[in-house]
Amino acid sequence: MHRANSALSMASPKKIASLLINGSNRGKILSALASRPYNSAASEPFLNGTTSNYVEEMYNNWLRDPSSVHTSWDAYFRSNTYSAPPNLAPAMRNMVPLSSVSGFSGVSTGAPDEKIIDDHLAVQAIIRSYQIRGHSIAHLDPLDINIPEVPENSTTKAIHASFNFGEHDMERQFKLPSTTFIGGNETHLSLREILNRLENVYCNKIGVEFMFINSLEQCNWIRKRFETPSVMNMTSEEKRLILARLTRATGFEAFLAKKFSSEKRFGLEGCEMMIPALKQLIDVSTELGVESVIMGMPHRGRLNTLANVCRKPLHHIFTQFAGLEAADDGSGDVKYHLGTYIERLNRVTNKNIRLAVVANPSHLEAVDPIVQGKTRAEQFYRGDNEGKKVMSILIHGDAAFCGQGVVYETMHLSDLPDYTTHGTIHVVANNQIGFTTDPRFSRSSPYCTDVARVVNAPIFHVNADDPEAVMHVCKVASEWRATFHKDVVIDLVGYRRNGHNEIDEPMFTQPLMYQKIKKLKTTLDLYADRLIAEGTVTVEEVKSVAEKYEKICEEAFELAKKETHIKYKDWLDSPWSGFFEGKDPCKVSPTGLKEETLVHIGNRFSSPPPNAAEFVIHKGLLRVLAARADMVEKRIADWAMAEAMAFGSLLKEGIHVRLSGQDVERGTFSHRHHVLHHQLVDKATYTSLCHLYPDQAPYSVSNSSLSEYAVLGFEHGYSMTNPNALVLWEAQFGDFANTAQCIIDQFISSGQAKWVRQSGLVMLLPHGMEGMGPEHSSCRFERFLQMSSDDPDYFPPESDEFAVRQLHDINWIVANCTTPANYFHILRRQIALPFRKPLIVATPKSLLRHPEARSSFDEMSENTEFQRIIPECGSASSNASNVKKLIFCSGRVYYDLTKARAENKLEADVAIARVEQISPFPFDLAKKEAEKYKNAEIIWAQEEHKNQGSWSYVQPRFLTALNSERDISYVGRSSGASTATGSKAQHTRELKALLAEALQI
């Protein structure tokens, strides 16, 4: 015993604290502590003192200067508050009520009774245990399938066993610590009452996960909103409103089931409380100042949300079931993928609100970053820098929320300065099943929501069959977002009454679950019975509300029968008010600039910060700036300069420019350097493009997280919001764009056709076979061309409007520029067009510094424009009839070909034309160039493999342009599975073979 005490007296504070928290032999520990020698040094660790004077000394030192005491004392004092008289040791004030201290007379007479300290520490540990782990035994499952097996009174027994409490202790009064609010205005409660209140708060129909949050302020905020007595009490009017909204949500699904029994609609049965939940979120947020809500969601419950949350006219929804022809262009989409945009009055708050539901494909969670980008853009254009006016709500399925990696990627954007939306409310419509897969086979985590813990988002699990609990959780979530501007998750635990869709049989795979579901009353019936029993409503009132809504649905159904066509534009989620009105759809604004504008931007881009004497720039960058200044002096531009001139001129014209992606501030290849960093001061930066003109538009250049899927989706969402902005995403290497293939396929390439939604997003994809291996060579150009929608066998009528009509009719533009000037023009053309199309640009790597890849200011000045094909301009051009071979090519291989041609002295025999805009294909210019060289053999030369690159796309189109009178043959690498070799020697050998064959006469 003595040896044990001696060992404890020498134990570290951390070890002692651990033993105290675990409840092991507290009496022995405190006795051992009392035997420690007294040391009044202010740096002595917590719990080393033995007298009240010592503790008092620590406390006074801490009050004067927290850094003067040991960190363990500092941590202790910060986590406790003090209300007892100063002559009681501060260390005991929270643990021992004065009335409990035997013989207390205002003067400390030594250490308090060990049992009292032990018991108060135990009570604090009990409270903390409920706060940390209460959710794990909460009654969250309406089906009672996943209810933890907790026998009656087992909690009390466990407490008796763990903390040495007996039944005689249950009525003892204990002082409540500052880390709980269960007492309300009471400072002391009996142990029995403490346990009852904790059980009701943390182990009832709500499970609160929040103790992993590393902010005491935020944890206390949550505690207060769940622990305060009577905090969930509702008025009769509030209960009637819940009933009315639940009736509409349930009635809508029942009406569709009755009228369209064989149609897929992905109804919300089993989780109808999602509709009142969303309306509560919007009501509370609107009351707190939000004016616009942007929502993303999967297909389940979408029609109900459009009808009862957005209040989309019901006859528009019912018309989607009729199979009518469309009155406008586009291929359309199924009804449960469509979006909408509504401005309406919120009747609860009497404030106007804008609601948008973003259209999405069946690819679950793909819409998440789209919504975040659109929200961020709307906040930007409104000047809403704190997210007080615009917010996003993301609705998820349980299997997708934990299964889809884009959820994690999107979550990690939540606190990044250039990507944050200042808090998103996530609602998980938890069916407790995937398509046919049980949670035990679809995730490794206890909850589907555990991914949210990585960003310290509180998670509120709630039983969807308790409407009032759901409403309270939604109220707290809205207030959390308004207070802290951080993400929050609501896990709405319900079930799926039907199969994955209405014609699916779930009994094949979940027989026991669905036997139970068939016997279960609806949430509406359960809540109606509850309100009738407590006298809030009558049976007649419940029936009247249901009949009233069914009548509304019937009237809308009859109105829908009169419709003869559907209109895709009725489902547009991002309208551009006034953009298309009064514009000639075939008129493109000039892209060339006055030379004085080019010089001004070039000079600013070449200059150090105004306070250059104080702002220390890297010596290497001083050389870069000097080289830029020299280019301006010589009236030439390289790739970085041309890009800066395109950006700067648009900023001058009031066009917001946003460039985003991995390492874009510097550029993957260290060519851009838009952000200069002070070499001696952290976070001190200078961006010259932000300081070109006093009244210019804002410029944003943002290094992103190491994500393609979420960040490209984010930028696409950003581009949807306002047509008067140039939004660009650059891949670190073009090869990495394929991790964002879902965004490319489902949104960018097909978004206008499906949802009549235009976007001018620019994708910059570094591309080129330069011996860097299979993952740093190709942006998979062929994939973008395969998805281009122009017809290879159709040569459009030739006219002055040929080029712009092609752009208008295609789904996107794909280009591989070889000159800085052409890159300059194609970027400016994105804004000069009277409509918006996505632009895919294969950008260079070695050409960034290639001495021949330069453009004169003359190629960017007034009356110049983008060249879809750059024809041969050398000696071959002036002697066309004697040219033996005409080579069409695209991209950096042009420079290899011209060098080899010069080395072989074939300038007069071989003409080389560059196809800069691959799609839409420039039929007219290809025809014109071929006709010029009537006697020449025509080939297409490319550096990519035959089954990759542009060949498969351009071959049939060349044949159409040539009217099948002449053929075109292929020169390049043979077909291959990989994009490039990893062997430098093999790369060189392949390139030599390509050049030799291309120039063979």
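Going by the structure above, here's the rest.
Definitions and cut-offs
Residues numbered from 1 in each chain as written. Predicted model: local features only at pLDDT ≥ 70, side-chain atom pairs only at ≥ 80, totals over all residues. Heavy atoms only, no water. Buried < 20%, exposed > 50% of the residue type's maximum accessible area, 1.4 Å probe, protein only. Helix = DSSP H or I, 4+ residues; strand = E, 2+ residues; numbered from the N terminus. Pairing = 2+ DSSP bridges. Right-handed = clockwise from strand over helix to strand, strands pointing away. Core = buried A, V, L, I, M, F, W, Y, C linked by side-chain atoms within 4.5 Å. Contact = heavy atoms within 4.5 Å. Salt bridge = Lys/Arg side-chain N within 4 Å of Asp/Glu carboxyl O. Expected span 1.5 Å × (residues − 1). Axes fitted to C-alpha atoms, helices over the stretch in contact; angles between N-to-C directions. Phe/Tyr/Trp six-rings, centres within 6.5 Å; stacked < 30°, edge-to-face > 60°. Lys NZ or Arg CZ within 6 Å of the ring centre and 35° of its normal.

**Student:** Hey, could you run me through the pairing of strand E19 (residues 839–843) in this one?
**Tutor:** Along a regular strand, successive side chains alternate from one face of the sheet to the other. Counted residue by residue, E19 has 5 buried out of 5 residues, so it is predominantly covered. Residues of E19 alternate between two faces, with Leu-839, Val-841 and Thr-843 on one and Ile-840 and Ala-842 on the opposite face, all of them buried. Pairing of strand E18 (residues 813–815) with E19 involves 3 bridges; the strand directions are parallel. Pairing of Ala-815 across the sheet is with Val-841, part of E19. Crossover E18 to E19 through helix H31 (residues 820–832) is right-handed.

**Student:** Please explain the nonpolar core as it appears in this structure.
**Tutor:** Of all hydrophobic cores here, the largest spans 168 residues; its most connected members are Met-274, Phe-318, Ile-393 and Met-763. Tallying contributions element by element places helix H19 (residues 467–484) first for this core, with 9 residues. With residues near it in sequence (within four places) discarded, Ile-393 still touches Leu-278, Leu-281, Ile-282, Val-293, Ile-294, Met-295, Gly-296, Ile-425 and Val-427. Of all hydrophobic cores here, the second largest spans 53 residues; its members include Leu-593, Ile-813, Ala-821 and Val-841.

**Student:** Please explain the pattern of salt bridges as it appears in this structure.
**Tutor:** Oppositely charged side chains can pair when the atoms bearing their charge come close. Here the structure, examined in full by the defined rule, presents 45 salt bridges. A salt bridge links Glu-653 to Arg-828, with the nearest nitrogen and oxygen atoms 3.0 Å apart. Separated by 175 residues along the polypeptide, Glu-653 in the loop between helix H25 (639–652) and strand E12 (656–661) and Arg-828 in helix H31 bring together distant segments of the chain. The exposure class assigned to Arg-828 is buried, which follows from its relative accessible area of 5%.

**Student:** Is there a simple way to explain the pairing of strand E6 (residues 351–357) in this structure?
**Tutor:** Examined bridge by bridge, strand E4 (residues 292–296) and E6 share 4 bridges and lie parallel to one another. Counted as the bridge partner of Ile-294 is Ala-356 from E6. Bridging between strand E5 (residues 340–346) and E6 involves 7 bridges; their strand directions are antiparallel. Paired with Arg-344 across the two strands is Ile-353, which belongs to E6. Linking E5 to E6, which pair antiparallel, is a turn of 4 residues; within it Asn-350 sits at a positive phi near 60 degrees.

**Student:** Just checking my understanding: could you explain H31 for this structure?
**Tutor:** Two residues of an α-helix separated by three or four positions point the same way, owing to the 3.6 residues in each turn. Here H31 is 13 residues long and its end C-alpha atoms lie 18 Å apart, about the 18 Å a rise of 1.5 Å per residue gives. H31 sits mainly inside the fold: 13 of its 13 residues count as buried.

**Student:** I'm lost on the sheet that holds strand E21 (residues 869–870) in this one. Help?
**Tutor:** Pairing between sheet strands relies on hydrogen bonds along the backbone, with the strands arranged either parallel or antiparallel. Reading across the sheet, the 5 strands line up as E21-E23-E22-E25-E26 and stay open at both edges, with mixed pairing between neighbours. Two strands bound the open sheet, and with one partner strand each, they are E21 and strand E26 (969–973). Where strand E22 (residues 885–889) lies against strand E23 (residues 910–915), 5 bridges are found, and the strand directions are parallel. What sits directly across from Ile-887, in E23, is Ile-912. Taken strand by strand, helix H34 (residues 923–932) contacts E21, E22, E23 and strand E25 (937–945), and its axis lies near 160 degrees from that of E22. Those strands touched by helix H36 (residues 984–998) are E22, E25 and E26, and its axis lies near 160 degrees from that of E26.

**Student:** Would you mind going over unusual backbone geometry with me for this structure?
**Tutor:** Leaving glycine aside, a negative phi is the common case for residues, and trans is the common case for peptide bonds. Between Ser-919 and Pro-920 the backbone carries a cis peptide bond, its omega angle lying at 0 degrees. Relative to the assigned elements, Pro-920 resides in the loop between strand E24 (917–919) and H34. The residue Arg-635 is not glycine, and still its phi comes out positive at about 65 degrees. Structurally, Arg-635 is set in the loop between helix H24 (619–634) and strand E11 (636–637).

**Student:** Got a minute to help me understand the packing of aromatic side chains in this structure?
**Tutor:** Tallied over the full model, the rule gives 33 aromatic pairs. An angle of 75 degrees between the planes, with centres 5.9 Å apart, marks the rings of Phe-165 and Phe-174 as edge-to-face. The exposure class of Phe-165 is buried, given its relative accessible area of 3%. Judged by relative accessible area, which is 0%, Phe-174 ranks as buried. Ring plane angle 35 degrees and centroid distance 5.3 Å describe the contact between Phe-255 and Phe-318, whose orientation is recorded as tilted. One end of the pair, Phe-255, is in helix H11 (residues 236–259); the other, Phe-318, is in helix H14 (residues 314–319), with 63 residues separating them in the sequence. There is no split in this pair, since Phe-255 and Phe-318 are both buried. Chaining the aromatic ring pairs together yields one cluster made of Phe-795, Phe-802, Phe-888, Phe-921, Phe-923, Trp-940 and Phe-958. Positioned over the ring face of Tyr-718 is Arg-658, at 4.7 Å from the centre of the ring. The ring centre of Tyr-953 lies 3.6 Å from the NZ or CZ of Arg-957, which sits over that ring.

**Student:** Is there a simple way to explain the side chain of Arg-868 in this structure?
**Tutor:** Mapped onto the elements of the fold, Arg-868 is located in the loop between strand E20 (855–856) and E21. Judged by relative accessible area, which is 11%, Arg-868 ranks as buried. Setting aside residues up to four positions removed in sequence, Arg-868 forms contacts with Phe-802, Ala-803, Gln-806, Arg-914, Val-915, Glu-916, Gln-917, Pro-922, Asp-924 and Leu-925.

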